[in-house]
Amino acid sequence: MSGPLVLGIETSCDETGVAVLEGMDVRSSVLASQVELHERFGGVVPEVAARAHVEAIRPLAHRAITQAGIHPDDLDAIAVTKGPGLIGPLMVGYAFGKSLAYSLGRPLFGIDHMEGHLYAPRLSFDGYEPPAVVILASGGHSQIVHMRSWGDYAVLGGTIDDAAGEAFDKLARFMGLGFPGGPAIDRDAREGDPKAVAFPRALRNRPYDFSFSGLKTSVITYLEKAKADGSLPPRADVSASIQEAIVDVIVDKTFAAVEATGVEIVGGGGGVLANTRLRERMAEEADRRGVGLFVPEPDLCTDNGAMIASVGVDRVMAGIPGDRLDGDVEPGLRLGA
Ligand code: KG4
Ligand code: ZN
């Protein structure tokens, strides 16, 4: 046995994720994505998401336990996302986690979703250890975190308007590429020229903060003008140029933080880190500087139950008692605050 058996539950947004970990080994990890449900609205509808979590959570937990080849009584603890996220979706997972912990007589650990993203690379790599700089970029968050030790996080900067994933999503919607926009732009951009259009790279004067609203305005203005005067380049060129503008800023700022902190380990998490071009550019930059890069496979970058369970494993190993069962979700939870 390589560590405690922990069941992790993630329901902060539009993916129901449940996983069973034995130490840092993933015994099972299953997901019910709601992409199709939200597609026709062009974004996540919180009430629709909450209801879909209600339907998915029990059969999914059953599947995770069966696939792990264990009995629920074998579990040492339950870990569940308590924030940040959408209140309805969070409540569904948290209530389910609580009742499971109560009925099994096992500790419950309420986990910060962003700490889950910080932990995710541990499931793929040995050698991912603090001190490290970790870039977290998803649909709801863009943050550069200085991880000084496990549990000790300084948020160096973040977005002052849209998150990086939100920028991808909104621009893809404007271009008629569908939802979610990140993967759509990623695919479209493969055939395109990233230098076709020079979109702005914002907030160069605030080293670790992001702003994507200027890019959004610039793309929309550009497309409207190009359409009107018939100078519209192939769509793939526009996608590649948008992607390059977002990727440039993320790579620049992440490695500026690496330089300033002097760390030799760089990590990444959140859905945007699934982006092909971003992964390529991060790898090139890490190579050039001789630092270790730990960005897990795309399935562990996007939301999942395994990353939540991994934080729970650490809590159990540290001998931390579980949370009180009368606690509540914290939709506005902030890392390092
Ligand atoms: O971490 P995540 O699964 O959920 C949140 O916590 O938000 O991230 C979802 C976000 C969406 O905005 C989606 O468009 C973006 O991650 N995303 C991508 C890619 N895959 C997902 N963005 C760019 N390129 C991708 N390949
Ligand atoms: Zn996330």
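Computed from a predicted model, the values in this text were never measured in an experiment. (Residues numbered from 1 in each chain as written. Chains lettered and ligands numbered in written order. Predicted model: local features only at pLDDT ≥ 70, side-chain atom pairs only at ≥ 80, totals over all residues. Heavy atoms only, no water.)

1. Side note on the nonpolar core
Put simply, the test is: In this text, buried Ala, Val, Leu, Ile, Met, Phe, Trp, Tyr and Cys residues form a nonpolar core when linked through side-chain atoms within 4.5 Å. In this scheme, a residue with accessible area under 20% of its type's maximum is buried, one over 50% is exposed, and one in between is partly exposed, where area comes from a 1.4 Å probe on protein chains only. Only DSSP runs of H or I reaching four residues or more are called helices, and only runs of E reaching two or more are called strands; each is numbered from the N terminus. Working rule for contacts: check all heavy atoms of both residues, and any pair within 4.5 Å makes them a contact.
Among the nonpolar cores identified, the biggest contains 42 residues, and Phe-199, Leu-215, Ile-242, Ile-246, Ile-250, Phe-255 and Leu-278 are the most heavily contacted of them. Among the elements of the structure, strand 6 (132-137), helix 5 (164-174), helix 6 (181-189), helix 7 (213-228), helix 8 (235-261) and helix 9 (276-289) are those that each provide at least two residues to this core. Counting residues per element, this core draws most heavily on helix 8, which supplies eleven residues. What Phe-255 contacts, discounting residues up to four positions off in sequence, is Val-266, Met-282, Glu-285, Ala-286, Arg-289 and Val-291. If you look at the next biggest cluster of nonpolar residues, it comprises 29 residues, including Leu-123, Ala-306, Ala-309 and Val-311.

2. Re the sheet that holds strand 6
Spelled out, the test is: The pairing criterion for strands is at least two bridges between them, as found by DSSP. All axes here are fitted lines through C-alpha atoms, helices being fitted over the stretch that makes contact, and every angle between N-to-C directions spans 0 to 180 degrees.
Read from one edge of the open sheet, five strands run 8-7-6-9-10, paired in mixed fashion. Only two strands of the sheet have a single partner each, and these edge strands are strand 8 (152-158) and strand 10 (292-294). The average angle at which neighbouring strand axes cross in this sheet is 20°, direction not considered. Across six bridges, strand 7 (residues 142-149) lies against strand 8 in antiparallel orientation. Its bridge partner being in strand 8, Ile-144 is matched across the sheet by Gly-157.

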